[in-house]
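Remarks on the overall topology
Take a look at the letters that make up each chain.
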Amino acid sequence: MIQTIESIPFSRAGVQLHIKRDDHFYPVESEAGRLLCGNKWRKLKHNLTEARLKGYDTLLTFGGAFSNHIAATATAGVLFGFKTIGIIRGDEVSPLNHTLRVAQSHGMNLRFVSRARYRQKSRPDFLQSLRVDYGDFYLIPEGGSNCLAMAGLAEMTDEIAEQIFPLPDWICVAAGTGGTAAGIIAALAGRSNVLVIPVLKGGFMRQEIEAYLFRCMGRRFNNWQIADEYHFGGYGKYDRNLIDFINAFYDTYQIPLDPVYTGKMMYGVFDLLNKSFFAPGTQVLAIHTGGLQGNIGFQEKNGKILTFDY
Ligand SMILES: *Cc1c(COP(=O)(O)O)cnc(C)c1O
């Protein structure tokens, strides 16, 4: 579903803002089903088909303690009949946070590893030791970002093309691993521009996305840009401005965002509008990639600073 937003700052600037509500894109309309949503469902979808075709009964993947991808993979296991193993970055904290409680209640076998060990997540010897411990499994990388993920993002891009003609001038998306951005860039094949808003600090996103595109598509693309000033100090970091923005956005548009991904992306889109980044007459589409399950654990950890519930 694409929503066209009636926004005073946008209409003043002569710019049209649309939001692709991929937070409402899930395989099953149920409480559990809604955890498998947004870009995490887009990226997992074709991986699940591949795992099934190749005869695997177990999925193994990696993520942090608040990971939307861990929640999504655990849910996919329940819905589609796979055993799931989650390798979690950092020491076990008791009691488990909301994300990990839900993952565990969906049958995910959790294994906590040190940050140093976690960094070896693509090394063959580490993966081999996991096969010794758990038996064979279908490996899904952190965030679900592999080349099969691109097929799901191409489907999302096709939905946009069916609903908005011509395609918006800018498609804005938050980036963690950069897999979602890469998938959209590839699917557009030059038809429109992608504005990538990294939520991690470090300035490595351009390289990550280039490498991903080259690995999966074997070529370079130039229909995209990075806006690197909206990470708020790093992954999971936030300040009062960001929280105020997310709360005000909910009050004004009744659209919930999260402080890790979509809140930073949307903050960036509004800030860039103020800085006249978007020319009058421009059509801008922001992707709501989902991730709202994370708000429950966020509120548990930081106090109820968001004024709306998940
Ligand atoms: C994981 C996630 C992202 C980042 O996706 P990548 O493909 O890792 O860049 C963006 N938004 C939400 C809500 C997410 O859960």
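Everything below is about the structure shown above.
Figured I'd write up the structure that's included with this text.

On to the sheet that holds strand β2 (residues 16-21), then. Pairing within the open sheet is mixed, and its six strands lie in the order β1-β2-β10-β7-β8-β9. Each edge of the open sheet carries a strand with a single partner, namely β1 (2-5) and β9 (224-226). Each strand of the sheet is rotated relative to its neighbour by a mean of 25°, with strand direction disregarded.

Now for the site of the ligand. Neighbouring residues of the ligand: 16 residues in total, closest K40, K43, T177, T180 and T289. In the environment of the ligand, an oxygen atom lies 3.0 Å from a nitrogen or oxygen atom belonging to the side chain of N39. Isolated, the ligand exposes 380 Å² of accessible area, and the fraction of that covered by the protein chains is 98%. Listed by contribution, the elements that provide at least two residues to the shell around the ligand are α2 (38-53), β7 (170-175) and α8 (179-188). Among the residues forming the shell around the ligand, the class breakdown is three nonpolar, eleven polar and two charged.

Under the criterion given, the structure shown has one disulfide. A sulfur-sulfur separation of 1.9 Å characterises the disulfide bridge that pairs C147 with C216. Across the S-S bond linking C147 and C216, the dihedral sits near -85°, which makes this disulfide left-handed. With C147 in the loop between β6 (138-140) and α7 (149-163) and C216 in helix α9 (residues 205-217), this pair connects stretches of sequence that are 69 residues apart.

With that settled, consider helix α4 (residues 98-105). Side chains three or four residues apart in an α-helix point the same way, a direct result of the helix having 3.6 residues per turn. Regarding α4, the residues found buried are H98, T99, L100, V102 and A103. Those residues of α4 that are buried are in contact with α3 (68-80), β4 (83-89), β5 (109-113) and α12 (294-302). The opening residue of α4, the one whose side-chain oxygen lies 3.0 Å from the backbone nitrogen of T99, is N97. Among the residues trailing α4, G107 stands out with phi positive, at a value near 90°.

Its place among the elements puts K40 in helix α2. Comment: no salt bridge for buried K40; closest opposite-charge side chain is D258, at 9.0 Å. A polar contact of 3.4 Å, which involves the side chain of K40, links it to the side chain of N39. The contact partners of K40, leaving out residues within four places of it in the chain, are N68, H69, A72 and G143.

Along the chain, T75 falls in helix α3. Apart from residues lying up to four places away in sequence, T75 is in contact with A32, G33, L35, L36 and H106.

Quick look at the pairing of strand β3 (residues 58-63) now. Across the six residues that make up β3, a large majority, six, are buried. Residues T58, L60 and F62 line one face of β3 and the alternating positions L59, T61 and G63 line the opposite face, and both faces are buried. Two elements, β3 and β4, share six bridges in a ladder whose sense is parallel. In the strand pairing of β4, G63 is matched with I88. With α3 bridging β3 and the parallel β4, this β-α-β connection has right-handed handedness.

This part covers the packing of aromatic side chains. For the structure shown, the criterion picks out 19 aromatic pairs. Between the aromatic rings of Y56 and Y138, the centroid separation amounts to 5.7 Å while the plane-to-plane angle is 65°, which identifies the pairing as edge-to-face. Pair noted here: Y56 is in the loop between α2 and β3 and Y138 is in strand β6, with a separation of 82 residues, a long-range link. Consider the rings of F245 and F249, whose centres lie 5.8 Å apart with planes at 35°: the pair is tilted. Placement of both F245 and F249 in helix α10 (residues 240-253) is noted, with a separation of four residues, approximately one turn of the helix. Pair check on accessibility: F245 and F249 agree, each one buried.

What counts, and at which threshold
- Residues numbered from 1 in each chain as written.
- Predicted model: local features only at pLDDT ≥ 70, side-chain atom pairs only at ≥ 80, totals over all residues.
- Heavy atoms only, no water.
- Pairing = 2+ DSSP bridges.
- Helix = DSSP H or I, 4+ residues; strand = E, 2+ residues; numbered from the N terminus.
- Axes fitted to C-alpha atoms, helices over the stretch in contact; angles between N-to-C directions.
- Near = heavy atom within 4 Å.
- Polar contact = N/O pair within 3.5 Å; in protein donor to acceptor, adjacent residues only side chain to side chain.
- Areas by Shrake-Rupley, 256 points an atom, 1.4 Å probe, with all protein chains shown as cover.
- Nonpolar A, V, L, I, M, F, W, Y, C, P; charged D, E, K, R; others polar.
- Disulfide = S-S within 2.5 Å.
- Buried < 20%, exposed > 50% of the residue type's maximum accessible area, 1.4 Å probe, protein only.
- Contact = heavy atoms within 4.5 Å.
- Lys, Arg positive; Asp, Glu negative; His and termini not counted.
- Salt bridge = Lys/Arg side-chain N within 4 Å of Asp/Glu carboxyl O.
- Right-handed = clockwise from strand over helix to strand, strands pointing away.
- Phe/Tyr/Trp six-rings, centres within 6.5 Å; stacked < 30°, edge-to-face > 60°.

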